[in-house]
Structure formats: structure tokens, C-alpha cells
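# Secondary and tertiary structure notes
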Amino acid sequence: MADGGAPVTMSDVARLAGVSTATVSRVVNRRYGVRASTVEQVRAAIEQLGYETSLVATSLRSSRTNVLGLVTHSFQSYTAEVLKGVMDALRQSGFDLIVYANSDLYGTCSDGWEQRHLARLSGTLTDGCIVVTPSREVRSGTPVVVIDPARGSEAPSVTADNFAGATAVVEHLLGLGHRRIGFIAGRAGIEAAWSREQGYRTALAEAGVPIDPRLIARGSFDPDSAAPLARALLERPDRPTAVFAASDGMALKTLEVAGELGLRVPGDLSVAGFDNIPESALAEPRLTTVDQSMYRLGNEAARMLMLLVRGDWEGPRRVVLPTRLVVRGSTAAPG
């Protein structure tokens, strides 16, 4: 889409590439007579603007592919569980699935990946797409359902009750007697990350525990981003007695750092996460976490998308699924 949401035109591509529309046409239609350097120039402009969407509007809008897309910034345990739910929803539905992901693991080097991926898939290959944890609003000429949308997003979406889940885990830590509870936040811009931080803050406030901003660290959901943050928290002379990380990946990394610093979990430090990925039950000690049923997130998103594609969706634009606290061996009363 061009600025303002208008469809991208061949003239837009020509203007960005610094060539004529006739040259763009020759490149698009794979005709001879265009220098290799110019071809690359035009292709770069096409990719940047998402011109594939415009081609769909003129040639393929009347046809259906019976293929859905799943667009994600990375593959990790969370995405794998979502994908299982999607595939089960599509079973015997008549729809196939294309999965499109960034080559860089957490999307850190690919700003705007969401819209570029959608431009490549929407309509030319798919009738609609599921987008997993975009950091911004997404738009497409075909139906889109977002799992864990950006803050303020108006796109149809499926998300867990992140606020309630975070509140429950902090209330659990407070109930054990912890008062200095560190928090490692998730990726900025995602509604889930914001809601989990609000749950942390609300639970402390309602318990009459002052919020210490020095105990709040800003992560990105990337486990590696949590390592220096956890180390900084745990090397403080007044270190927290418990750490709640906004994802299991970051919580598991916190367990590693605690071990490197000679801290016993849960004897010296309690650690809790959010997601209930399979690895959380295999950690030593096993991780206390919040189950947001990633499988169900994927399953519900796929069902919503199929109905949207067929024009049959009559439910709310935002589906919120319940969460459940899972208490394991990584949390205990302060030592």
C-alpha cells in the first residue's frame, strides 16, 4: 500500500526506482531489453512498496486460491504451538496453509516485516492471512486476523487475557511473601506486553506494595535480550527476591543467569514466566508460568479467518481467551 492506504500503482514503483512506467512494465512482465542493474533497482522498489498487492487488484481479485497464510517474525516454541492449533482448525476445511517468516530470528533487523510479508502473500497466493505478534497495525486487501495485536490495532484479533494472567502470577508471588518483585517486560508496541506490565503494576498497587522503577527492565521477548537485564537486576545490592518475566523464554534465561551467579532457585530467588511453552515444564526447576493456550490462539484465529474469507463471521472483532496460572517448582517463599 502507498502512503494513506491507497493501492500501489506502477507509477509509484517507477517514481521510487527513478525509471519510466514502461521500464517497470518490462521488468514485471520479464521482457528483454532492461539492464541488470535497472532490473534490480525496479525489483527493490517493488518489494519496498509491496506492489504485488496491486497486481492482485487488477488480475486475480475475482478468483480464490483456497490457501491461507501465516505470517510471523520468527519461529520459536510459541509459534510452533500456534501453528499446531492453526493446522488442526484447517483439517478437512479445504484450505491449505503457507507459512512466511523472517530470516532473522526475532525480526530485530527487519523493521516493517509485517506489511512486506502481507504484500507478498495477500491475494497472489492466499485468500487471507494470520499475522502473529506484529508490532504495528497491519492492512491488507484480503482478510487478516492478528494474534497478539499491536496496541490500538483495529484489525480482527485473537489474544489471551494477558492482564489477568500477569495479575495472577504477581498475586501468587505476593502471597508467598515476596515484596521486591522484578519485572522483565516484553517487546514494546505489542498489546500483550503492555497488558502484562499493567497486570504487574496493578497487583503490586492493590497489595499496597510501592512500585520500584529500578526493578522494571525493558526486554523484547527475545530470550537473549533478557540475559543482561536479569544480570543487572540480580547483581543489585538490593536485588529482588523474585523475578517475573513477560515470556517463558526470558524467564528461562533468567534461571540460567541466576545459576551463573550462584543463586539457588527457588531458595534464593523465585522466577516466573508467561506462555507455558513445553520447555517450561522441562526446566530445572520447572517453571511457574501462565498458560495462555497458544494452541487455542492459533485454532481460534484460523476459524475466524476462514469465516471472514467466506463472509460468514458474525462474532466480535476481538476474541479474548482466558489464562491459567501454573504453579511449579521455581517459586517459593523468600529464603
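Now for a look at the structure at hand.

Scoring rules and cut-offs
- Residues numbered from 1 in each chain as written.
- Predicted model: local features only at pLDDT ≥ 70, side-chain atom pairs only at ≥ 80, totals over all residues.
- Heavy atoms only, no water.
- Pairing = 2+ DSSP bridges.
- Helix = DSSP H or I, 4+ residues; strand = E, 2+ residues; numbered from the N terminus.
- Axes fitted to C-alpha atoms, helices over the stretch in contact; angles between N-to-C directions.
- Contact = heavy atoms within 4.5 Å.
- Phe/Tyr/Trp six-rings, centres within 6.5 Å; stacked < 30°, edge-to-face > 60°.
- Buried < 20%, exposed > 50% of the residue type's maximum accessible area, 1.4 Å probe, protein only.
- Polar contact = N/O pair within 3.5 Å; in protein donor to acceptor, adjacent residues only side chain to side chain.

Sheet architecture is open: 6 strands sit in the order E2-E1-E3-E4-E5-E11, paired in parallel fashion. In this open sheet, the two strands that pair with only one neighbour each are strand E2 (96-101) and strand E11 (318-321). Across the sheet, the mean angle from the axis of one strand to that of its neighbour is 20°, orientation sign disregarded. Bridging between strand E3 (residues 128-132) and strand E4 (residues 144-147) involves 4 bridges; their strand directions are parallel. Across the sheet, residue Val132 finds its bridge partner in E4, namely Ile147. Relative to the sheet, helix H6 (residues 113-121) contacts strand E1 (67-72), E2, E3 and E4, its axis offset from that of E1 by approximately 160°.

Below, the discussion takes up the packing of aromatic side chains. Enumeration over the complete set of coordinates arrives at 2 aromatic pairs. An angle of 15° between the planes, with centres 4.8 Å apart, marks the rings of Phe183 and Tyr200 as stacked. A residue pair is termed long-range when its members are at least 10 positions apart, and Phe183 in strand E6 (residues 181-185) and Tyr200 in helix H8 (residues 191-206) qualify at 17 residues. Tyr200 carries the same exposure label as Phe183, and that label is buried. Members of the aromatic cluster, each reached through a chain of ring pairs, are Phe183, Tyr200 and Phe244.

Residue placement: Thr23 occurs in helix H2 (residues 21-28). One polar contact links Thr23 to Ser20, side chain to side chain, over a distance of 3.0 Å. With sequence-adjacent residues up to four places away left out, Thr23 is seen in contact with Val34 and Thr38.

Before going further, it helps to spend a moment on H2. Along H2, the residues that are buried comprise Thr23, Val24, Ser25 and Val27. Where H2 is buried, its residues meet helix H1 (10-17) and helix H3 (36-49).

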